[in-house]
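Here are the chains, one letter per residue:
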Amino acid sequence: GSTKTGINTVVWSTRAGAAGRAGGTGGAGGTGGTGGTDILSQWAPLGEFSVSIEIAGQTYKKVGRITKTMGWSLDGPTAHVIR
């Protein structure tokens, strides 16, 4: 792993609507958290999100961006941009 001080990796599933996951408003005026029947509406919208962490009573905030959604087809191990 990295030897840099601080948080070096964060994993977020970007699934909308489930407890503890993406939801509410966000992303370029998107609605987020609405669920839906098609596969793409199940993910948080593309755009900017406020990311915060509290450590020892101090809150740190940054802007996180979802710029694309990647996916894999069944015909090979190559990832593709799907939106």
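All values reported here derive from a predicted model rather than from experimental measurement.

1. Focus on a nonpolar patch on the surface
Phase 1 of the analysis: A grouping of Ile7, Val10, Ile53, Ile55 and Tyr60 is seen on the molecular surface, where their side chains present a nonpolar patch of about 490 Å² in accessible area.
Phase 2 of the analysis: Within the element layout of this structure, isoleucine 53 appears in strand β1 (residues 47-55).

2. A few points about the pairing of β1
Phase 1 of the analysis: When β1 meets strand β2 (residues 58-66), the two strands line up antiparallel, connected through nine bridges. What sits directly across from serine 50, in β2, is valine 63.
Phase 2 of the analysis: With antiparallel pairing between neighbouring strands as the criterion, β1 and β2 make up a hairpin whose turn holds two residues, including alanine 56 at a positive phi of roughly 50°.

3. A look at the pattern of salt bridges
Phase 1 of the analysis: Taken as a whole and assessed by the stated rule, the structure comprises one salt bridge.
Phase 2 of the analysis: Two residues, arginine 65 and glutamate 48, come together in a salt bridge whose shortest N-O distance is 3.0 Å. A residue pair is termed long-range when its members are at least 10 positions apart, and arginine 65 in strand β2 and glutamate 48 in strand β1 qualify at 17 residues.
Phase 3 of the analysis: Judged by relative accessible area, arginine 65 falls into the exposed class, the value being 56%.

4. Concerning the layout of surface pockets
Phase 1 of the analysis: Estimates place the volume of the largest pocket at around 540 Å³.
Phase 2 of the analysis: Listing elements by their share of the lining of the largest pocket, those giving two or more residues are β1 and β2.
Phase 3 of the analysis: Ranked by residue count, the leading element in the lining of the largest pocket is β2, at seven residues.

Rules used in this analysis
Residues numbered from 1 in each chain as written. Predicted model: local features only at pLDDT ≥ 70, side-chain atom pairs only at ≥ 80, totals over all residues. Heavy atoms only, no water. Patch = residues over 30% accessible without salt bridge, like charges linked within 9 Å, V, L, I, M, F, W, Y side chains within 5 Å. Areas by Shrake-Rupley, 256 points an atom, 1.4 Å probe, with all protein chains shown as cover. Salt bridge = Lys/Arg side-chain N within 4 Å of Asp/Glu carboxyl O. Helix = DSSP H or I, 4+ residues; strand = E, 2+ residues; numbered from the N terminus. Pairing = 2+ DSSP bridges. Buried < 20%, exposed > 50% of the residue type's maximum accessible area, 1.4 Å probe, protein only. 1 Å grid on protein atoms, 1.4 Å probe; cavity = no way out; pocket = protein on both sides within 12 Å on 5 of 7 lines; lining within 4 Å. Points joined across faces, edges and corners; volume = space filled by probe spheres on them.

Scope: geometric values only; no functional claims are made or implied.
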